[in-house]
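# Chain and residue survey
Listed here are the chains, written in short residue letters.
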Amino acid sequence: MNQSMKYRAAVALFLLMVVIVAGVGYLLGQKGPVEGFKKIGGEFVLQSAAGPVALSDFRGKVVLISFGYTFCPDVCPTSLAAITGGLNQLAPEELAQVKTILVSVDPDRDTPKKLAEYVKFFHPSMVGLTGSHEEIARVAKQYVVLYRKVEDPEAGEYYSVDHSSTTFVIGRDSVVRSFVQHGATPDEFVSAIRTALLD
Amino acid sequence: MFRVKNVLTLLIFSATAAMGLPAHAGNAADEVVINHAYVRATPPGAQTSAAFMVLENSGEVDHALVAASSGLGKKVEFHNHIMEEGMMKMRQVMKIELPAGTHVTLEPGGLHVMFMGLNQRPEMGDTVALTLTFADGSETTITIPVKMIKGMKKHG
Ligand SMILES: [Cu+2]
């Protein structure tokens, strides 16, 4: 084994351990008391078409946070449509306590104005946020969200962005309560929202 | 006279058979049946949309889709989604195989026809013309409705 192979093996082992620890932590968290996932998530400030928006602006409400981009033809609209389906099932007094945020992972193409038009199509209560590359990277890191622009010289302006497709359900105290995976039905969003509203 | 009639019958029979042959030989455009096709309605300002459908190869020969074109987008491609490294990745597929006697489903979260650089916004009630080219060079143009997607159904 040469030096670089040893290094790689060490890195691989380390990553494997991280995955195991995270996995066990996740499972324990699932069964434990409802305290939420304090190590994931947290406060941020990003730009909307109407000015800066902070997560803490919605303290007292349940917030759904999804990461995506408007150029996304399928995965993001599918997730947002499922959220819309869920929001439409809520009673007006429940809906008044829920906010949905789409954070762009494509700040080069997604201007605050474009995002605002885009999210309004799904539900009037949704807000689209973007920022500088550094700001987006910081928020993604906080939420352990991965994203990467696809390097394809032929794609040109039509490049796509790989990204995690998890929706975060944030409690009234701004702490992450649960995760909803891509492919979830409107009903699954309804139950995740209602559980968070009860806390 | 008897003979002449037999020859005539034979001739007519052969001619009919010959005429019927091309259809049986398997032109993809004739043999691939397309059902449940629709284009996704997009939000204002969106630069992309997607079409979904069920393609059924009713023939006895394998076929494949190799290209698509439409006035809806400047670039039309086939794409697939793969979940990898914790990310949803969308990648171009050069060919969609349509084995004989099977059906292939293009659906949200999976294979789709992707329209990029939209020339107009597909809205509910609109129709979109889409031309599909098969590996054997045959083509079919379908006119499909634009629909809203109410959230995805779970797959198993
Ligand atoms: Cu695509």
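The structure presented is a predicted model; accordingly, all values stated were derived computationally and were not measured.

## Overview of the environment of His-182 of chain A
All names here are of chain A. Structurally, His-182 is set in the loop between strand E9 (176–180) and helix H6 (186–198). By relative accessible area, which is 16% here, His-182 ends up buried. Considered as a pair, His-182 and Val-127 are 55 residues apart in the sequence and their alpha carbons are 19 Å apart. A distance of 3.1 Å separates the side chain of His-182 from the side chain of Ser-79, its partner in a polar contact.

## Some thoughts on the coordination of the copper ion
Residue and element names in this part refer to chain B. Looking at the metal site, the copper ion is ligated by His-79 (ND1), Met-90 (SD), His-112 (NE2) and Met-114 (SD), spaced 2.2 Å from it. Each of the four donor atoms bound to the copper ion contributes to angles spanning 97 to 121 degrees, and the resulting shape is tetrahedral. We note that the donor set of the copper ion lies within a single chain, spaced as H-x10-M-x21-H-x1-M. With Met-90 in strand E5 (residues 87–93) and His-112 in strand E8 (residues 112–118), the pair connects residues that are 22 residues apart, well separated along the chain. Residue Met-90 is classed as buried on the basis of its relative accessible area, which comes to 7%.

## Digging into the nonpolar core
Within the largest apolar cluster, 61 residues are counted, with the highest numbers of intra-cluster contacts made by Phe-44, Ile-65, Phe-67, Ile-101, Tyr-143 and Phe-168 of chain A. No other element matches helix H2 (residues 75–87) of chain A, which puts seven residues into this core. Residues Ala-29, Leu-65, Val-104 and Phe-115 of chain B belong to the second largest nonpolar core, which totals 30 residues.

## Brief notes about H6 of chain A
All names here are of chain A. Spanning 13 residues, H6 covers 19 Å between terminal C-alpha atoms, matching the ideal 18 Å at 1.5 Å per step. Residues of H6 that are buried include every one of Pro-186, Phe-189, Val-190, Ala-192, Ile-193, Ala-196 and Leu-197, and no others. Against the buried residues of H6 lie strand E3 (62–68), H2, helix H3 (92–95), strand E4 (98–104), strand E8 (167–170) and E9.

## Observations concerning the interface of chain A and chain B
Taken together, the 33 residues of chain A in the interface contact 38 residues of chain B. Taken together, the two surfaces of chain A and chain B that pack against each other cover about 2700 Å², and 61% of this comes from carbon and sulfur. Contact with chain B buries surface across chain A, with Pro-73, Phe-121 and Tyr-158 of chain A losing the most and accounting together for 24% of the total. Seen at the junction of chain A and chain B, the total is three salt bridges. Measuring nitrogen to oxygen at the nearest pair gives 3.4 Å for the salt bridge that ties Arg-40 of chain B to Asp-74 of chain A. Where chain A meets chain B, there are ten residue pairs in polar contact (both at pLDDT 80 or more).

Parameters and conventions
Residues numbered from 1 in each chain as written. Chains lettered and ligands numbered in written order. Predicted model: local features only at pLDDT ≥ 70, side-chain atom pairs only at ≥ 80, totals over all residues. Heavy atoms only, no water. Helix = DSSP H or I, 4+ residues; strand = E, 2+ residues; numbered from the N terminus. Buried < 20%, exposed > 50% of the residue type's maximum accessible area, 1.4 Å probe, protein only. Polar contact = N/O pair within 3.5 Å; in protein donor to acceptor, adjacent residues only side chain to side chain. Donors = N, O, S within 2.8 Å, 3.2 Å for Na, K, Ca; no water. Tetrahedral: all angles 85-135°; square planar, octahedral: opposite > 155°, others 65-115°. Core = buried A, V, L, I, M, F, W, Y, C linked by side-chain atoms within 4.5 Å. Expected span 1.5 Å × (residues − 1). Contact = heavy atoms within 4.5 Å. Buried area = accessible area lost by both parts, 1.4 Å probe. Salt bridge = Lys/Arg side-chain N within 4 Å of Asp/Glu carboxyl O.

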